[in-house]
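# Structural characterization, general
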Amino acid sequence: LLLLLEAAVWGPCFSGELRPPQRRWPVPYRRFDYRPKTDPYCQARYTFCPTGSAIPVMKEEDVIEVYRLQAPVWEFKYGDLLGHLKIMHDAVGFKSSLTGKNYTMEWYELFQLGNCTFPHLRPGMDAPFWCNQGAACFYQGIDDAHWKENGTLVLVTTISGAMFNEMAKWVKYDNETGIYYETWTVQASPDKQSAVWFDSYECSKFILRTYQKLADLGAVFRKVQTNYTSIILFSGEPIFLGNETSIFGPLGNKTLSAAIRDFYYPFKPHQTVGAFFVDLLKIVDRVILKRQFYLFYNLEYWFLPMKYPYLKIIYEEVPLPIGRKTSFGV
């Protein structure tokens, strides 16, 4: 929890027309018609997708190896530190048999995890300001050392060039319509059969969607154990509160807007260790002792009546999808 809270850093985004509140569990992740431009206020400590390139068109007869890639979050800076907590980042790799070229594809935050998880409280603005876009990144090469040293680099299936090209079309659609990063999974209890109120939308979910798309296209996966990280909040049934306009607008709820701003205030970036621990005590008081959490999901706010054990990081297996017996083009 300390590491996660400490990650709440630099950055915020767009809001537009909102649909009526959902009462279906889990609340369906909202997709959009286009990706909005990011606000200049949003700043990343590390550049998003610095060597990114367009997805190439493969020759249909090509045979392409698909690799599962996984490494600790921020492994490039902290090594295996977060790996000990099983906080892992996922990606997928490709190798063309015809050209011998390798490629990496992943999905992550444009402005780092903290900005996707908590907002900024900007002077002169009533509503919290979010910087929570995420996107796919595709680039040539696979950094073997990065993935192997503290993580995973393993072959999971083989596909044709034709299947790869179909997958690329799907990636473009998925990337243009699924634009907001959602850190939290929210469910009723640690029981695997418990109700899931909200599902996260982050790097591992993109990889799972990619594997499923390949399976739908006919890929047959090897028998490889695949585990993924989830950060779970536990609460009773969530209460819908409204959107930015209904809560913070001219006719909004002043009491509720003040409560939401007060809740998010301790999660701000900190300049000193002392200030961080003072605010950490406030967070513990609000989330654990008072059992309150305000969730921002689909550009809407929800109240979570928190329950023990409140927060848990799990690393559990999600099996590779079962592909069809016959794969076109392979």
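Residues numbered from 1 in each chain as written. Predicted model: local features only at pLDDT ≥ 70, side-chain atom pairs only at ≥ 80, totals over all residues. Heavy atoms only, no water.

Applied cut-off: UniProt positions are given in the numbering used here, feature names are shortened, and annotations may be inferred rather than shown by experiment.
Going by what an unreviewed UniProt entry lists, the protein is known as Bis(monoacylglycero)phosphate synthase CLN5 and is assigned to Rostratula benghalensis. You can read under Sequence similarities (unreviewed entry) in the UniProt record for the protein the words "Belongs to the CLN5 family."

## Points about the environment of L295
Selection rule: The helix count covers DSSP runs of H or I at least four residues long, the strand count covers runs of E at least two residues long, and both are numbered beginning at the N terminus. Here, two residues are considered to be in contact whenever any of their heavy atoms come within 4.5 Å of each other.
When you line up the elements, L295 lands in strand β10 (residues 292-297). Distance in space between the C-alpha atoms of L295 and P238 is 9.2 Å, their sequence separation being 57 residues. Excluding its chain neighbours within four sequence positions, the residues that come into contact with L295 are W184, V186, F198, Y264, E300, Y301, W302 and L304.

## Regarding the pattern of salt bridges
To keep it simple, the criterion reads: Should a side-chain nitrogen of Lys or Arg be within 4 Å of a carboxyl oxygen of Asp or Glu, the pair is scored as a salt bridge. Exposure classes here rest on a 1.4 Å probe applied to the protein chains alone. A residue is buried below 20% of its type maximum, exposed above 50%, and partly exposed in between.
Counted according to the given criterion, the structure contains 11 salt bridges. Between E166 and K169 there is a salt bridge; the shortest N-O distance is 3.3 Å. Of this pair, E166 and K169 both sit in helix α5 (residues 161-177), 3 residues apart, which is roughly one turn of that helix. Residue D279 is joined to K268 by a salt bridge in which the shortest nitrogen-to-oxygen separation is 2.5 Å. Here the residue D279 occupies a position in helix α9 (residues 273-289), and K268 occupies one in the loop between α8 (254-264) and α9, the gap between them amounting to 11 residues. A residue is classified by how much of its surface remains accessible, and K268, at 25% relative accessible area, is partly exposed. Several salt bridges converge on common partners, so that one network encompasses R31, D174 and R209.

## Focus: unusual backbone geometry
The phi angle of most residues is negative, glycine excepted, and most peptide bonds adopt the trans form. Of note, the bond from W25 into P26 is cis; its omega dihedral lies within 30 degrees of zero at -10°. Residue P309 follows Y308 across a cis peptide bond; omega there is 5°. Residue placement: P309 occurs in strand β11 (residues 300-317). Notably, K86 is not glycine yet its phi reads approximately 60°, a positive angle.

## Here's the deal with the pairing of strand β4 (residues 134-140)
Note the cut-off: A pair of strands is labelled paired if DSSP reports no fewer than 2 bridges between them.
For β4, the tally of buried residues reaches 6 of 7 residues, placing the bulk of the element in the interior. Relative to β4, strand β3 (residues 102-109) runs antiparallel, the two being bridged by 7 bridges. Paired with Y103 across the strands is Q140, a residue of β4.

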